[in-house]
Amino acid sequence: MIVTRRDGALHLVEQVEHGRVSGVLAAAWGNEVFEAPTPGEPVRTAATRHDEGWRAWDARVLFHELDRRPLHFLEIDASEHVQLYRQGVERVALGDVYAGVLVGMHWTGLYRGRWSAPGARGRLDLGADGRAAQDAAVDAEERRWVEAKRLAWTSQEPRAAFEARLWHNFELLQLWDLLSLYLCVMPSQPAAAPGPATPWGPQLAALAHAAEDVLLPPVRGNPFGPAQRITVGVRVPGVLWLDPYPFASEMTVDVVSTAVPDRPFSHAELVSRVGRTPATVTTWRLAPWSS
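Nothing here was measured: the structure is a model prediction, and the numbers come from that model.

Rules used in this analysis
Residues numbered from 1 in each chain as written. Predicted model: local features only at pLDDT ≥ 70, side-chain atom pairs only at ≥ 80, totals over all residues. Heavy atoms only, no water. Core = buried A, V, L, I, M, F, W, Y, C linked by side-chain atoms within 4.5 Å. Buried < 20%, exposed > 50% of the residue type's maximum accessible area, 1.4 Å probe, protein only. Helix = DSSP H or I, 4+ residues; strand = E, 2+ residues; numbered from the N terminus. Contact = heavy atoms within 4.5 Å. Phe/Tyr/Trp six-rings, centres within 6.5 Å; stacked < 30°, edge-to-face > 60°. Lys NZ or Arg CZ within 6 Å of the ring centre and 35° of its normal. Salt bridge = Lys/Arg side-chain N within 4 Å of Asp/Glu carboxyl O. Pairing = 2+ DSSP bridges. Axes fitted to C-alpha atoms, helices over the stretch in contact; angles between N-to-C directions. Expected span 1.5 Å × (residues − 1).

Examining the nonpolar core
Nonpolar side chains tend to gather and get buried jointly when the protein is soluble and globular.
Here's step 1: Ranked by size, the top nonpolar core spans 69 residues in total, and within it Leu240 and Leu286 carry the most contacts.
Here's step 2: The element best represented in this core is helix H7 (residues 159-185), accounting for 14 residues.
Here's step 3: Once residues lying within four places of it in the same chain are set aside, the contact partners of Leu240 are Leu179, Tyr182, Leu183, Val232, Gly233, Val234, Trp284, Arg285, Leu286 and Ala287.
Here's step 4: Of all hydrophobic cores here, the second largest spans eleven residues; its members include Val3, Val61, Phe265 and Leu270.

A short note on unusual backbone geometry
Here's step 1: Cis geometry is adopted by the peptide bond preceding Pro39, which originates at Thr38 and carries an omega value of -5°.
Here's step 2: Here Pro39 lies in the loop between helix H1 (15-28) and helix H2 (40-49).
Here's step 3: Residues Asp243 and Pro244 are joined by a peptide bond in cis, for which omega reads -5°.
Here's step 4: By the secondary structure assignment, Pro244 is in the loop between strand E10 (239-243) and strand E11 (251-261).
Here's step 5: Look at Asp7: it is not a glycine, yet its phi comes out positive at around 55°.
Here's step 6: Considering the arrangement of structural elements, one finds Asp7 in the loop between strand E1 (2-6) and strand E2 (9-13).
Here's step 7: Here Asp7 falls in the exposed class, since its relative accessible area comes to 75%.
Here's step 8: For Arg68, which is not glycine, the phi dihedral falls at a positive 55°.

Notes on the packing of aromatic side chains
Here's step 1: Under the counting rule described, the total for this entry stands at twelve aromatic pairs.
Here's step 2: Taking the centre distance of 6.1 Å and the plane angle of 80° together, the rings of Tyr98 and Phe162 count as edge-to-face. Highlighted residues: Tyr98 in helix H5 (residues 97-109) and Phe162 in helix H7, separated in sequence by 64 residues. The same class applies to Tyr98 and to Phe162, which are both buried.
Here's step 3: On the numbers, 4.3 Å between centres and 50° between planes, the contact of Trp241 with Trp289 is tilted. Of this pair, Trp241 sits in strand E10 while Trp289 is found in the segment after strand E12 (280-288), placing the two residues 48 residues apart along the sequence.
Here's step 4: Every member of this aromatic cluster is reached through a ring pair, and the members are Trp29, Phe34, Trp176, Tyr245 and Phe247.
Here's step 5: Sitting over the face of the ring of Phe265, Arg263 holds its NZ or CZ atom 4.1 Å from the ring centroid.

Considering the pattern of salt bridges
Here's step 1: Counted by the stated rule, this structure contains 21 salt bridges.
Here's step 2: In this structure, Arg69 and Asp67 form a salt bridge, with 3.3 Å as the shortest nitrogen-oxygen distance.
Here's step 3: Judged by relative accessible area, which is 39%, Asp67 ranks as partly exposed.
Here's step 4: For the salt bridge of Glu171 with Arg220, the shortest nitrogen-to-oxygen distance reads 3.5 Å. Pair noted here: Glu171 is in helix H7 and Arg220 is in strand E7 (residues 219-220), with a separation of 49 residues, a long-range link.
Here's step 5: Residue Glu171 is classed as partly exposed on the basis of its relative accessible area of 22%.

Observations concerning the sheet that holds E10
Here's step 1: Here we have eight strands laid out as an open sheet, ordered E1-E2-E11-E12-E10-E9-E6-E5, and mixed in their pairing. The open sheet has two edge strands with one neighbour each: E1 and strand E5 (198-199).
Here's step 2: Bridge count between E5 and strand E6 (residues 214-215): two bridges; the pairing is parallel. The residue of E6 that forms the bridge with Thr198 is Val214.
Here's step 3: Here H1 sits on the sheet and contacts E1, E2, E11 and E12; the angle it forms with E11, its principal contact strand, is near 170°.
Here's step 4: Contacts from helix H8 (residues 267-276) reach E2 and E11 within the one sheet, and its direction differs from that of E11 by about 140°.

A short note on H7
Residue pairs spaced three or four apart in an α-helix point in one direction, given the helix's 3.6 residues per turn.
Here's step 1: For H7, which comprises 27 residues, the first-to-last C-alpha distance of 39 Å matches the rise-based estimate of 39 Å (1.5 Å per residue) to within 8%.
Here's step 2: Taken across its 27 residues, H7 has 22 buried, putting it largely inside the fold.

Examining the side chain of His168
Here's step 1: Mapping His168 onto the fold places it in helix H7.
Here's step 2: Given the relative accessible area of 4%, His168 is considered buried.
Here's step 3: Those residues within four positions of His168 in sequence are excluded, and the remaining contacts are Arg220, Asn222 and Pro223.

Here is the structure:
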């Protein structure tokens, strides 16, 4: 569950809803500067289902015992994190081998700094036991990729191009993931005086957010081009601007959430409250930067 504290309430977005939003972004991606992803359907599937393993865990409404509130997704135990993502990768891979590889890359990338550098670690580095569980998961998943990539590779391109395109699609998935998270946690009202744009990601550990300008992860316009950074921010209520703009046209994106009072609950009371609270929809408009 993605938990945000705002206006006296805790706003809850399920991970599969966050994934659905990522899939909407993937489906709209592409213009004269940014190439649409190939192969299209498996990449969109991976974007939509990259957090598939959270489905059963979010249905339980994981509980923060000390604060007596819903557990934020970055607060989960490392062993549970490994278990749920492994199950999610297995489900996706059963339906589409290419999508399964991408989701596995996303999962293990969370333990390897999104595969940014040798030895990099992610934000879920939870002590020696957690590191050991993560390392074992990464080793097993990388071994699984050997046969999975053989199955996914086709005669449409040489292996070198296939590998370059696969890692490009991984970069796209990381950007859609983080852009979707921005839409899920940020208030739609602009900040009074936004500061300089900073890399987006570490801020997600907090529960409270004020709209800020951020830099998304580096991404290429095509698998073989130079990487660039996209800046996003809020200047008009409900409008997210992006510079440069990577989608085919201006678009709207809905985010479905549930709000509960920001007060202590018992776990049973919280589950009941979430289950009987109507969902709310926040609609964002995405547009190119206009000074």
